[in-house]
Amino acid sequence: MQFDTLKFLKDKFGNAPGLVSFLAAYGVRLPALTAEKWFYRKSVPSAWLPLILAYIEIEDGEPAGLAQYIEVKK
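All values reported here derive from a predicted model rather than from experimental measurement.

Student: Describe the packing of helix α1 (residues 5-13) against helix α4 (residues 49-60), with residues and values.
Tutor: At a minimum axis distance of 13 Å, the contact between α1 and α4 shows a crossing angle of 30 degrees. For the pair α1 and α4, the crossing hand works out as left-handed. Between α1 and α4, the residues in contact are F8, K12 and F13 and L49, I52, L53, I56 and D60, respectively. Per-class residue counts for the contact of α1 with α4 are six nonpolar, no polar and two charged.

Encoded structure:
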């Protein structure tokens with residue numbers, strides 16, 4: 001099993017500038033190059049993921065559903 005980070009990022013933010021803008025609206029500074037690397041590497045550092053999920057929850061008014069991003073490898 002693995003988490004499809006790239007699909008999550010694209011679904012929630014579209015692209016790196018979308019992620020940077022989303023976080024900026026909450027006063028969180030994320031350098032554009034850093035966001036680009038996350039999309040390129042298909043990975044978000046573990047220290048950032050809970051913060052992103054919390055802001056999505058605040059924005060949507062409900063927990064961020066993650067089950068759809070779990071891939072089961074056979």
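Student: Lay out the packing of aromatic side chains with the relevant residues and their values.
Tutor: What the rule picks out here adds up to eight aromatic pairs. Judged by centre distance (5.5 Å) and plane angle (85 degrees), the ring pair of F8 and Y69 falls under edge-to-face. Highlighted residues: F8 in helix α1 and Y69 in the loop between α4 and β2 (70-71), separated in sequence by 61 residues. Each of the two residues, F8 as well as Y69, counts as buried. Feature note: the residues F3, F8, F13, F22, Y26, Y55 and Y69 constitute an aromatic cluster, connected by ring pairs.

Student: With reference to specific residues and values, describe helix α2 (residues 16-24).
Tutor: In an α-helix there are 3.6 residues to a turn, and that puts residues three or four apart on one side. Of all the positions in α2, only A16, L19, V20, F22 and L23 are classed as buried. Angular distribution of buried residues about the axis of α2 spans 160 degrees; they occupy a single face of the element. A distance of 2.8 Å separates the backbone nitrogen of G18 from a side-chain oxygen at the start of α2, and that oxygen is part of N15.

Student: Which residues make up the pattern of salt bridges, and what values go with them?
Tutor: Summed over all chains, the structure comprises one salt bridge. Measuring nitrogen to oxygen at the nearest pair gives 3.1 Å for the salt bridge that ties K7 to D11. Taken together, the residues span about one helical turn, with K7 and D11 both in helix α1 at a distance of four residues. Residue classification places K7 among the partly exposed positions, given a relative accessible area of 38%.

Student: Quick rundown of the packing of α2 against α4? Include the residues and the values.
Tutor: One way to put it is that α2 packs onto α4 with a least axis distance of 11 Å and a crossing angle of 70 degrees. When the interaxial angle is binned, α2 and α4 end up roughly perpendicular. The handedness of the crossing between α2 and α4 is left-handed. Only I52, Y55, I56 and E59 of α4 make contact with α2, whose side of the interface consists of L19, F22 and L23. Counted by class, the contact of α2 with α4 contains six nonpolar, no polar and one charged residues.

Definitions and cut-offs
Residues numbered from 1 in each chain as written. Predicted model: local features only at pLDDT ≥ 70, side-chain atom pairs only at ≥ 80, totals over all residues. Heavy atoms only, no water. Axes fitted to C-alpha atoms, helices over the stretch in contact; angles between N-to-C directions. Helix = DSSP H or I, 4+ residues; strand = E, 2+ residues; numbered from the N terminus. Left-handed = near helix turned anticlockwise from the far one by under 90°. Contact = heavy atoms within 4.5 Å. Nonpolar A, V, L, I, M, F, W, Y, C, P; charged D, E, K, R; others polar. Phe/Tyr/Trp six-rings, centres within 6.5 Å; stacked < 30°, edge-to-face > 60°. Buried < 20%, exposed > 50% of the residue type's maximum accessible area, 1.4 Å probe, protein only. Arc of directions from axis to C-beta. Polar contact = N/O pair within 3.5 Å; in protein donor to acceptor, adjacent residues only side chain to side chain. Salt bridge = Lys/Arg side-chain N within 4 Å of Asp/Glu carboxyl O. Parallel < 35°, antiparallel > 145°, perpendicular 65-115°, else oblique.

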